Amino acid sequence: MPDQNAVVIDLKFARSGVIEALNGAFPGREVIDMGDSANTGRDLSGVPYAVVWKPDPSLFQRAGDLKIIFSGGAGVDHILSAYELPDLPVVRFVDRSLTDRMSEWVVLQCLTHLRGALPYARQQREHVWDEISPQPEARDVTVGVMGLGVLGEDAVRKLKVMGFDVVGWSRRKRQIDGVETFDATGLDVFLSRTDILVGLLPLTPDTRGIYNASLFGTLRQGGALGKPVFINAGRGGSQVETDIIAALKKGVLGAASLDVFEKEPLSPASPLWDLNNVVITPHAAAASDVGALFRHAERQIARFEAGDPLDHVVDRASGY
Ligand code: NDP
Ligand code: OXD
């Protein structure tokens, strides 16, 4: 039987990173790494803590005495939508490096579309010297960020530093200095002001399929970029890919940057790969630093064992 303060790890991340980060992690505790074949079929009764990313479906039955589940990422849909979970706290991963990485990706994509990086890359391949004009400035372009949580708020601040006009939308109204924000009821006004839409929403029943033809049709046409741009690094389940493709082909959207997809990995047969106004990254906008993840879990376990409240606990009713 495992130690009564053990931690079970089931992280479907790059194996080498997990092994390296496990070295010295969780001092004084037994660590059961389900990625190690020696632990296949191991008794998990009595284990109080689990750190998971897309865990084996049987894990939560086998580890029937868990007291806390730590998500290996900021999102928790991989746990909440996939398993019958006991009523225990699920803790999200909130971490500086993850937040910085996401904002880097968002700013990179907004600048890519502002500065014509895709057409210039095509011209370079074809040895064409041709300045694209007019060249709008960031201040002429309104970026609308959907989801103003840990990641959305940081992205908003960094987009402002780059000079973009920024507006934000979230379920409840949020206050961010220098940014006009809208709550759920203000969606259409928010969209009608937006030239570049950035999706940083969690996947919940309310946000599934939200980025669809009707939403794209409400974005501002004729702004400084001519046509609106769609950028999504939240979850692929929130987007309707057939609608994205149709909107790009019809010119309802001028371009897109997608890090997440309805089904991952994206099928080699998806038409998205071949659209020359689309940037595709393989769900890599903000990878979790596994060492930081383990330190975050250690800190939260210490709080729990000291009788202090846990940070970043998911509200199971709202699903994020
Ligand atoms: P948070 O929980 O901190 O923020 C979520 C935001 O979304 C909040 O502002 C919330 O509103 C808003 N929201 C949720 N549901 C709705 C709704 N129905 N209508 C309007 N707004 C809604 O999450 P994070 O910022 O930490 O992360 C966001 C998501 O980013 C994650 O859930 C994950 O899916 C994704 N992600 C993707 C990564 C990648 O590499 N591609 C990496 C990390 C995360 P309110 O403020 O009112 O609560
Ligand atoms: C996350 C992710 O949720 O990487 O952290 O998608």
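Residues numbered from 1 in each chain as written. Chains lettered and ligands numbered in written order. Predicted model: local features only at pLDDT ≥ 70, side-chain atom pairs only at ≥ 80, totals over all residues. Heavy atoms only, no water.

### Re the domain arrangement of the protein chain
Here is step 1 of the chain: For the protein chain, the domain assignment lists domain 1 (7-93 + 288-305) and domain 2 (96-280).
Here is step 2 of the chain: Just the C-alpha atoms count here: the centres of domain 1 and domain 2 sit 33 Å apart.
Here is step 3 of the chain: Summed over both partners, the interface of domain 1 with domain 2 buries about 580 Å², with 49% contributed by carbon and sulfur atoms.
Here is step 4 of the chain: Broken down residue by residue, the surface that domain 1 buries against domain 2 is led by Ala74, Asp77 and Asp289, which jointly contribute 54%.
Here is step 5 of the chain: For the pair domain 1 and domain 2, the interface holds 1 salt bridge.
Here is step 6 of the chain: For the salt bridge of Arg235 with Asp77, the shortest nitrogen-to-oxygen distance reads 2.9 Å.
Here is step 7 of the chain: Here domain 1 is connected to domain 2 by 1 residue pair in polar contact (both at pLDDT 80 or more). (Domains from an automatic or database assignment. Buried area = accessible area lost by both parts, 1.4 Å probe. Salt bridge = Lys/Arg side-chain N within 4 Å of Asp/Glu carboxyl O. Polar contact = N/O pair within 3.5 Å; in protein donor to acceptor, adjacent residues only side chain to side chain.)

### A word on the site of ligand 1
Here is step 1 of the chain: Surrounding ligand 1, one finds 29 residues, the nearest of these being Arg171, Arg172, Arg174, Asp259 and Tyr320.
Here is step 2 of the chain: The backbone of Gly149 places a nitrogen or oxygen atom 3.1 Å from an oxygen atom of ligand 1.
Here is step 3 of the chain: Notes on ligand 1: free accessible area 940 Å², of which the protein chains cover 94%.
Here is step 4 of the chain: Secondary structure elements with two or more residues in the shell around ligand 1: helix 4 (96-114) and helix 6 (150-161).
Here is step 5 of the chain: Partitioned by chemical class, the residues of the shell around ligand 1 number 15 nonpolar, 7 polar and 7 charged.
Here is step 6 of the chain: The residue makeup of the shell around ligand 1 includes at least three contributed by each of domain 1 (7-93 + 288-305) and domain 2 (96-280). (Near = heavy atom within 4 Å. Areas by Shrake-Rupley, 256 points an atom, 1.4 Å probe, with all protein chains shown as cover. Helix = DSSP H or I, 4+ residues; strand = E, 2+ residues; numbered from the N terminus. Nonpolar A, V, L, I, M, F, W, Y, C, P; charged D, E, K, R; others polar.)

### What about the pattern of salt bridges?
Here is step 1 of the chain: Taken as a whole and assessed by the stated rule, the structure comprises 13 salt bridges.
Here is step 2 of the chain: The shortest N-O distance in the salt bridge between Arg15 and Asp33 comes to 2.5 Å. Of this pair, Arg15 sits in helix 1 (residues 15-22) while Asp33 sits in strand 2 (residues 31-33), placing them 18 residues apart in sequence.
Here is step 3 of the chain: Across the pair Glu30 and Arg42 runs a salt bridge, and its minimum N-O distance is 2.7 Å. Taken as a pair, Glu30 in the loop between helix 1 and strand 2 and Arg42 in the loop between strand 2 and strand 3 (49-53) lie far apart in primary sequence, 12 residues in all.
Here is step 4 of the chain: Salt bridges here are not isolated pairs; linked through shared partners, they connect Arg96, Asp100, Asp154 and Lys158.

### Comments concerning the site of ligand 2
Here is step 1 of the chain: Around ligand 2, the surrounding shell consists of Trp53, Gly73, Ala74, Gly75, Leu98, Arg235, His283 and Ala286.
Here is step 2 of the chain: The separation between an oxygen atom of ligand 2 and a polar side-chain atom of Arg235 is 2.7 Å.
Here is step 3 of the chain: Take His283: an N or O atom from its side chain is 2.6 Å from an oxygen atom of ligand 2.
Here is step 4 of the chain: Calculation on ligand 2 without its partners gives an accessible area of 200 Å², and the protein chains cover 86% of this total.
Here is step 5 of the chain: Counted by class, the shell around ligand 2 contains 4 nonpolar, 3 polar and 1 charged residues.

### Considerations on the packing of helix 4 against helix 6
Here is step 1 of the chain: Interaxial distance between helix 4 and helix 6 falls to 9 Å at its minimum, and their mutual angle equals 50°. By the angle between their directions, the pair helix 4 and helix 6 is classed as oblique. The way helix 4 lies across helix 6 gives a crossing that is right-handed. In contact with Leu98, Thr99, Asp100, Met102, Ser103, Val106, Val107 and Cys110 of helix 4, helix 6 contributes Val150, Leu151, Asp154, Ala155, Lys158 and Leu159.
Here is step 2 of the chain: A breakdown of the residues in the contact of helix 4 with helix 6 according to their chemical character gives 9 nonpolar, 2 polar and 3 charged. (Axes fitted to C-alpha atoms, helices over the stretch in contact; angles between N-to-C directions. Parallel < 35°, antiparallel > 145°, perpendicular 65-115°, else oblique. Left-handed = near helix turned anticlockwise from the far one by under 90°. Contact = heavy atoms within 4.5 Å.)

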